[in-house]
Amino acid sequence: MPYLTIVAFLLIIAAIIAVSYVAIRHSKRKDQVSRQLYHQLSATTKLYVFVQEFDIINDTYIDIEVDEENASDTKVTEHSGAQAALIFRMKEHLDPSCENQVMDFLNFSTLAERLGDRNAITMEFLNSEGIWCRCRFIVSQHTSLGKVSRVLWLVEEIDEERKAREALRDISDRAMAASEAKSAFLSNMSHEIRTPINAILGMNEMILRECSQDSPILSYAENIDAAGHTLLALVNDILDFSKIEAGKLEIIPAEYDLSSVLNDLVHMISYRAEEKGLEFSLEVAPEVPKRLWGDDIRLKQIIINLLTNAVKYTKDGSVVFSIDFEKKDEKHVLLTVAVKDTGSGIKKEDMDKLFSKFDRIGEEKNRHIEGTGLGLSITTRLLGMMDSKLEVGSIYGVGSRFYFTLEQEVIDWEPLGNMAEVLVSNTSVVHQYHEQFTAPEAELLVVDDTAMNLVVFKNLLKKTKVRIDTAESGDEALALADKKKYDLVFLDHMMPKKDGIVTLHEMKEQESGMNKETPVICFTANAVSGAWDLYKNEGFDDYLTKPIDFVKLEQMVMKYLPSEKIHRID
């Protein structure tokens, strides 16, 4: 019996020792965790002006006071009256101008609703010392039913952050103002430059139409036409670049005939090459499919940029324009377009600035060569929008080769055939024009504050026999529209006193209502990015840019005139 008693006693002693050991280990672990927590709290309280935890269900709160010298001396005390204590404490430190807003933010009764699915909400306020602060509620505990029970309340000073944000906002505002000023400048310059070009090209078109084929004047008129379109191309480069920068330029695919594109390109460039005594040749694989789907307007713009540069920078020798292809699948083809010249070539150190905007290689050497320095930059951006890339190979003093590969959808695999006939003789091509329709019963109103533009407009439509009334101001146009029903109105945008937008709105609101449903085309020299969005939002049905393309003019008139008044001419 004494033996069993001794054993039991020893077992009890062993159990006590084991429990004590576990307790000591747990206590040490707890102390270690506590010290870590104290250090974290210490670091947090150094960042914030106030750190408190609130039990919004029981209306109690915990104050955390940290001894910066010894984090282990952190004091955590619990108090009642959480809502009242928070309001009292904040009122002491608030600027009066922020009091109502902050008091609403502190309201526990609406906190859960304002939090919603978020774990934190913040607001900024000005304290009594004129320092900007940010206060924040952070959810620290939910009930078993998911209701918010405890939140952490933090307040920090953000004066420096606010100053930095305001400085960034100021920079942003100034950048936006500069961008708007640039857009306004481009819009104004577009109008001021394109208006006289419209008069020059328009009146010259009349000479080309009406001059006898054997007259020496015809040659002069063709030179004026070429120079005018060169000037227009320079203006368009600048405007196209502004559209690209604003993200307003779009790729608009449509069915097109590749032989027609090539014909236009050869006609546009062969004359320039002949003037410089260069040999210009076209090398096209005869098996290239003829009918494709893509943006032929932008494709033509890209290629003419490359061809124009090749001719401009080649003093003697040749320019070769080639197109090859590779069948990708049953519906797509990969076109490889290349322009090779025997020009001056490009130095290796100049390759980096080849595609820079407003930058021209060898500016001093090539000062006599016309251009804006935007052509290749626009070309690379357009190709990027078409999922392609411009490549270049060049040897300084020998020549250059620019090329790209472009995927196009095939409408018909009918081959292009032999394109040798595209290379027409370099003799002057007789300017031929024939109207697409006549509409002797149609009534048009054209409004423009420049008398010369009205003369050009009337003469461009002279052979269509359309009846045209003209007005040189918004008020004059309104007087005519109030007395007569028109089938179509062309209305200039930028006019003094009463511009086209104001005139349009007043025309649609006239009591007579004679032209309330009449289609109105904005007739404008403003071709910068966003122009069409502006006109469409203001109520215009369409817009036509100056200088007037007489083919587009006739097509637009045919589109909007009543069909019964149009007599088409084959």
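Residues numbered from 1 in each chain as written. Predicted model: local features only at pLDDT ≥ 70, side-chain atom pairs only at ≥ 80, totals over all residues. Heavy atoms only, no water.

Draft legend 1. Structural view of the sheet that holds strand β17 (residues 488-492). Judged by pairing direction, the sheet is parallel, and its five strands sit side by side in the order β16-β15-β17-β18-β19 without closing on themselves. Edge positions in the sheet fall to β16 (467-471) and β19 (542-545), since each of these pairs with one other strand and no more. With strand direction ignored, the average angle separating the axes of adjacent strands in the sheet is 20°. Summarising the sheet, strand β15 (residues 443-447) and β17 pair through four bridges and their orientation is parallel. Bridge assignment links L445 to a residue of β17, and that residue is V489. Here helix α10 (residues 451-460) sits on the sheet and contacts β15, β16, β17 and β18 (520-524); the angle it forms with β16, its principal contact strand, is near 175°. The strands touched by helix α14 (residues 550-560) are β15, β17, β18 and β19; relative to β19, the strand with the most contacts, the crossing angle is about 165°. (Pairing = 2+ DSSP bridges. Helix = DSSP H or I, 4+ residues; strand = E, 2+ residues; numbered from the N terminus. Axes fitted to C-alpha atoms, helices over the stretch in contact; angles between N-to-C directions. Contact = heavy atoms within 4.5 Å.)

Draft legend 2. Seen up close, the packing of helix α2 (residues 82-92) against helix α3 (residues 99-106). Between α2 and α3, the shortest axis-to-axis distance is 11 Å and the interhelical angle comes to 155°. Judged by the angle between their axes, α2 and α3 are roughly antiparallel. Considering the relative orientation of α2 and α3, their crossing is right-handed. Between α2, through Q83, L86, I87, M90 and K91, and α3, the contact on the second element is made entirely by E99, V102, M103 and L106. Across the contact of α2 with α3, the residue classes tally to six nonpolar, one polar and two charged. (Parallel < 35°, antiparallel > 145°, perpendicular 65-115°, else oblique. Left-handed = near helix turned anticlockwise from the far one by under 90°. Nonpolar A, V, L, I, M, F, W, Y, C, P; charged D, E, K, R; others polar.)

Draft legend 3. Highlighting unusual backbone geometry. The backbone of D59 sits at a positive phi, close to 55°, despite the residue not being glycine. Mapped onto the elements of the fold, D59 is located in the loop between β1 (50-55) and β2 (60-65). According to the relative accessible area criterion, D59 is partly exposed, its value standing at 31%. Positive phi values are uncommon outside glycine, yet K465 reaches one of about 65°. Within the element layout of this structure, K465 appears in the loop between α10 and β16. (Buried < 20%, exposed > 50% of the residue type's maximum accessible area, 1.4 Å probe, protein only.)

Draft legend 4. Summary view of the pairing of strand β12 (residues 391-395). Of the pairings in the sheet, the one linking β12 to strand β13 (residues 399-415) comprises five bridges and is antiparallel in character. Paired with G393 across the two strands is R401, which belongs to β13. Connecting β12 to the antiparallel partner β13 that follows it, the hairpin turn spans three residues, and G397 within it adopts a positive phi of roughly 90°.

Draft legend 5. Geometry of the nonpolar core. Ranked by size, the top nonpolar core spans 44 residues in total, and within it L262, F280, I303, L307, V319, F321 and F404 carry the most contacts. Listing elements by their share of this core, those giving two or more residues are α7 (258-275), β8 (279-284), α8 (296-312), β10 (318-327), β11 (332-341), α9 (375-385) and β13. The element contributing the most residues to this core is α8, with eight residues. F50, L86, C98 and C135 belong to the second largest nonpolar core, which has 28 residues in total. (Core = buried A, V, L, I, M, F, W, Y, C linked by side-chain atoms within 4.5 Å.)

Draft legend 6. How the structure looks around the packing of aromatic side chains. Counted under the stated rule, the structure contains ten aromatic pairs. The interplanar angle of 45° and the centroid separation of 6.5 Å between the aromatic rings of F105 and W153 together place this pair among those described as tilted. Taken as a pair, F105 in helix α3 and W153 in strand β6 (residues 148-157) lie far apart in primary sequence, 48 residues in all. Comparing F105 with W153, the two get one shared label, buried. Taking the centre distance of 5.5 Å and the plane angle of 75° together, the rings of F457 and F523 count as edge-to-face. Residue F457 is found in helix α10, and its partner F523 is found in strand β18; the two are separated by 66 residues along the sequence. Here F457 falls in the buried class, since its relative accessible area comes to 0%. Judged by its relative accessible area of 0%, F523 falls in the buried class. (Phe/Tyr/Trp six-rings, centres within 6.5 Å; stacked < 30°, edge-to-face > 60°.)

Draft legend 7. View of α2. When we look at burial in α2, the residues that qualify are A82, Q83, L86 and M90. Mapping the buried residues of α2 onto a view down its axis gives an arc of 100°, with all of them on the same face. Away from the buried face of α2 by more than 90 degrees, exposed residues A84 and F88 are located. (Arc of directions from axis to C-beta.)

Draft legend 8. View of the environment of T143. Relative to the helices and strands, T143 is located in the loop between β5 (132-142) and β6. T143 sits in the partly exposed class, given a relative accessible area of 26%. Discounting residues that sit within four places of it in the chain, T143 has contacts with I57 and S149.

Draft legend 9. Representation of the pattern of salt bridges within the structure. Counting across every chain of the model gives 24 salt bridges. Through salt bridges with shared partners, one network takes in E124, R134, R136, E156, E161, R162, R165 and E166. (Salt bridge = Lys/Arg side-chain N within 4 Å of Asp/Glu carboxyl O.)

Draft legend 10. Quick look at the side chain of S400. The topology assignment puts S400 in strand β13. A distance of 2.8 Å separates polar atoms of two side chains, one belonging to S400 and the other to S394. (Polar contact = N/O pair within 3.5 Å; in protein donor to acceptor, adjacent residues only side chain to side chain.)

Draft legend 11. Representation of the packing of helix α11 (residues 474-481) against helix α12 (residues 500-508) in the model. Across the interface, α11 lies against α12 with an axial gap of 10 Å and an inter-helix angle of 20°. Classified by the angle between their axes, α11 and α12 sit roughly parallel to one another. Note on packing geometry: the crossing formed by α11 with α12 is right-handed. Each of G474, A477, L478 and A481 in α11 lies in contact with α12, whose residues at this interface are T503, E506 and M507.

Draft legend 12. How the structure looks around the side chain of R150. Looking at the secondary structure, you find R150 in strand β6. In contact with R150, not counting residues within four places along its chain, are E53, F54, D55, I62, I138, V139, S140 and Q141.

Draft legend 13. How the structure looks around α8. With 17 residues, α8 ought to run about 24 Å at 1.5 Å a step, and its terminal C-alpha atoms sit 24 Å apart, in line with that. Burial analysis of α8 places 14 of its 17 residues in the buried class, which makes it a mostly covered element. Where α8 begins, the side chain of D295 points an oxygen toward the backbone nitrogen of R298, at a separation of 3.1 Å. (Expected span 1.5 Å × (residues − 1).)

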